[in-house]
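Residue strings, one per chain:
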Amino acid sequence: MARQSLQGNWVNAVLGFFIYGAIIAALANIPIIGWIGAIVIIGPLTLGMYGYFLGTVRGELTSIGNFFDGFNNNQFGNALVLNIVSSIFIFLWSLLLWVPGIIAALSYSLAYFILRDNPGMPALEALRQSKEMMRGHKSRLFMLYLSFIGWILLGMIPFGLGMFWVQPYIYAALAAFYEELKNQNFAAPYTEAPQSHTL
């Protein structure tokens, strides 16, 4: 599914991923101010990237501009919180040992896709739904990642430049993985609970 969806879309996928990586790398090399900026924009940028590959897998008309969809007013705040909270959770689990950290990362791996499909969803709810969706499927996703080891090794040979093609391939496969699980078990969209006006 990933290979099929990227046919005719490789240029935008590679260029968009290059821009994404260049922005984060540039901020990471600026002390303090750059680090703060990275914390602020990584969440929205990641949401846009995930949204791009999900749209591509679904056969939607996508462009490089979709990499910046996470900066929309109704997405920015939740994407920012999602990045911060998920990073904290994964870090805390990693303190126990590497294995709990990996399990946590797999559990939360679909949260950005869920947030993309449900723009008004709070970050914690996206994490909860991702954890629920991944119940019984973490080993499948882990094996999917392992299947890319050969591609990653090949991508690293010409000074790592091949990774600009391998990474889009991986994210497209992850989007296809999410689409499969969503169609199986999580077709109902998120709706905000009505607010109470009682004192």
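Residues numbered from 1 in each chain as written. Predicted model: local features only at pLDDT ≥ 70, side-chain atom pairs only at ≥ 80, totals over all residues. Heavy atoms only, no water.

A.B. asks: Hey, could you run me through the overall build of the protein chain in this one?
C.D. replies: A count of helical and extended segments in the protein chain gives 10 helices and 0 strands. By the compact-globule yardstick of 16 Å for 199 residues, the protein chain fits well, its C-alpha radius of gyration being 17 Å. Each of the three principal axes of the protein chain carries a C-alpha extent, and together these read 65 × 45 × 40 Å. For the protein chain, contacts bridging at least 24 residues in sequence account for 71% of all contacts bridging at least 6. By element, 69% of the accessible surface of the protein chain is carried by carbon and sulfur atoms, the whole surface being about 11,300 Å². Distance from the positive charge centre (9 side chains) to the negative charge centre (8 side chains) of the protein chain: 8 Å. (Helix = DSSP H or I, 4+ residues; strand = E, 2+ residues; numbered from the N terminus. Rg over C-alpha atoms; globule rule 2.2 N^0.38 Å. Contact = heavy atoms within 4.5 Å. Areas by Shrake-Rupley, 256 points an atom, 1.4 Å probe, with all protein chains shown as cover. Lys, Arg positive; Asp, Glu negative; His and termini not counted. Charge placed at Lys NZ, Arg CZ, Asp CG, Glu CD.)

A.B. asks: What's the story with the nonpolar core in this structure? I'm lost.
C.D. replies: Note on soluble globular proteins: their nonpolar side chains tend to be buried together. Within the largest apolar cluster, 50 residues are counted, with the highest numbers of intra-cluster contacts made by Met49, Phe53, Leu110 and Phe113. Breaking this core down by element, the ones donating at least two residues are α1 (2–6), α2 (10–28), α3 (33–57), α4 (73–96), α5 (98–107), α6 (111–117), α7 (123–133) and α10 (163–185). With sequence-adjacent residues up to four places away left out, Leu110 is seen in contact with Ser130, Met133, Met134, Leu174, Phe177, Tyr178 and Leu181. (Core = buried A, V, L, I, M, F, W, Y, C linked by side-chain atoms within 4.5 Å. Buried < 20%, exposed > 50% of the residue type's maximum accessible area, 1.4 Å probe, protein only.)

A.B. asks: Please clarify how the environment of Gly150 should be interpreted in this entry.
C.D. replies: As for its position among the elements, Gly150 is in helix α9 (residues 149–156). The exposure class assigned to Gly150 is partly exposed, which follows from its relative accessible area of 42%. Sequence separation of Gly150 and Gln4 is 146 residues, and the distance between their C-alpha atoms is 19 Å.

A.B. asks: Looking at this structure, I do not really get a nonpolar patch on the surface. What am I missing?
C.D. replies: Taken together, Ile39, Ile84, Ile88, Phe89, Phe91, Leu92, Trp93, Leu95, Leu96, Leu97 and Leu124 make up a surface patch of nonpolar side chains, about 1,100 Å² in accessible area. Among the elements that take part in the nonpolar patch, α4 stands out by supplying 8 residues, more than any other. Ile39 sits in the partly exposed class, given a relative accessible area of 45%. (Patch = residues over 30% accessible without salt bridge, like charges linked within 9 Å, V, L, I, M, F, W, Y side chains within 5 Å. Salt bridge = Lys/Arg side-chain N within 4 Å of Asp/Glu carboxyl O.)

A.B. asks: What is the right way to read the packing of aromatic side chains from this model?
C.D. replies: Geometrically, a pair of aromatic rings is defined through the distance of the ring centres and the angle of the planes. One pass over the full model with this rule turns up 15 aromatic pairs. Between Tyr52 and Phe53 the ring centres are 5.1 Å apart and the planes differ by 85°, which places this aromatic pair in the edge-to-face class. Side by side, Tyr52 and Phe53 carry an identical accessibility label, which is buried. Chaining the aromatic ring pairs together yields one cluster made of Phe17, Tyr20, Tyr50, Tyr52, Phe53, Phe67, Tyr112, Phe113, Tyr171 and Tyr178. (Phe/Tyr/Trp six-rings, centres within 6.5 Å; stacked < 30°, edge-to-face > 60°.)

A.B. asks: What is the right way to look at the side chain of Ser107 in this model?
C.D. replies: Relative to the helices and strands, Ser107 resides in helix α5. Contacts of Ser107, omitting those with residues within four sequence positions, involve Ser130, Lys131, Met134 and Lys138.

A.B. asks: I tried to follow the pattern of salt bridges on my own but got confused; where do I start?
C.D. replies: Oppositely charged side chains are able to pair whenever their charged atoms sit close together. Evaluation of the coordinates by the stated rule reveals 7 salt bridges. Note that Glu132 and Arg135 form a salt bridge whose closest N and O atoms lie 3.0 Å from each other. Overall, Glu132 belongs to the partly exposed group, its relative accessible area being 35%. By sharing partners, the salt bridges in this structure join Arg58, Glu60, Arg116, Asp117 and Glu179 into a single network.

A.B. asks: When you look at the confidence of the model for the protein chain in this model, what are you seeing that I'm missing?
C.D. replies: Low pLDDT marks regions whose predicted coordinates should not be analysed in detail. Of all residues in the protein chain, 92% have pLDDT values of 70 or greater, and the mean over the chain is 87. The least confident element of the protein chain is α2, whose mean pLDDT is 88; the most confident is α6, at 95. Low pLDDT, under 50, characterises residues 194–199; the stretch is placed with 0 contacts to residues that sit more than four places away or in other chains. (pLDDT = per-residue confidence, 0-100.)

A.B. asks: Explain the environment of Ala28 to me, please; I cannot follow it from the model alone.
C.D. replies: Structurally, the position occupied by Ala28 is in helix α2. Separated by 10 residues in sequence, Ala28 and Ala38 place their C-alpha atoms 6.9 Å apart.

A.B. asks: Is there a simple way to explain the packing of α5 against helix α8 (residues 138–146) in this structure?
C.D. replies: Each pair of packed helices can be described by the angle between their axes along with the distance between the axes. Two elements in contact, α5 and α8, have axes whose closest approach is 10 Å; the angle formed by their N-to-C orientations is 95°. Here α8 runs roughly perpendicular to α5, going by the angle between their axes. Every residue of α8 that contacts α5 at Ile102, Ile103, Leu106 and Ser107 is listed here: Lys138, Leu141, Phe142 and Tyr145. In the contact of α5 with α8, the residues fall into 6 nonpolar, 1 polar and 1 charged. (Axes fitted to C-alpha atoms, helices over the stretch in contact; angles between N-to-C directions. Parallel < 35°, antiparallel > 145°, perpendicular 65-115°, else oblique. Nonpolar A, V, L, I, M, F, W, Y, C, P; charged D, E, K, R; others polar.)

A.B. asks: What exactly am I supposed to notice about the side chain of Ser86 here?
C.D. replies: By the element assignment, Ser86 lies in helix α4. A distance of 2.7 Å separates a polar side-chain atom of Ser86 from the backbone oxygen of Leu82. (Polar contact = N/O pair within 3.5 Å; in protein donor to acceptor, adjacent residues only side chain to side chain.)

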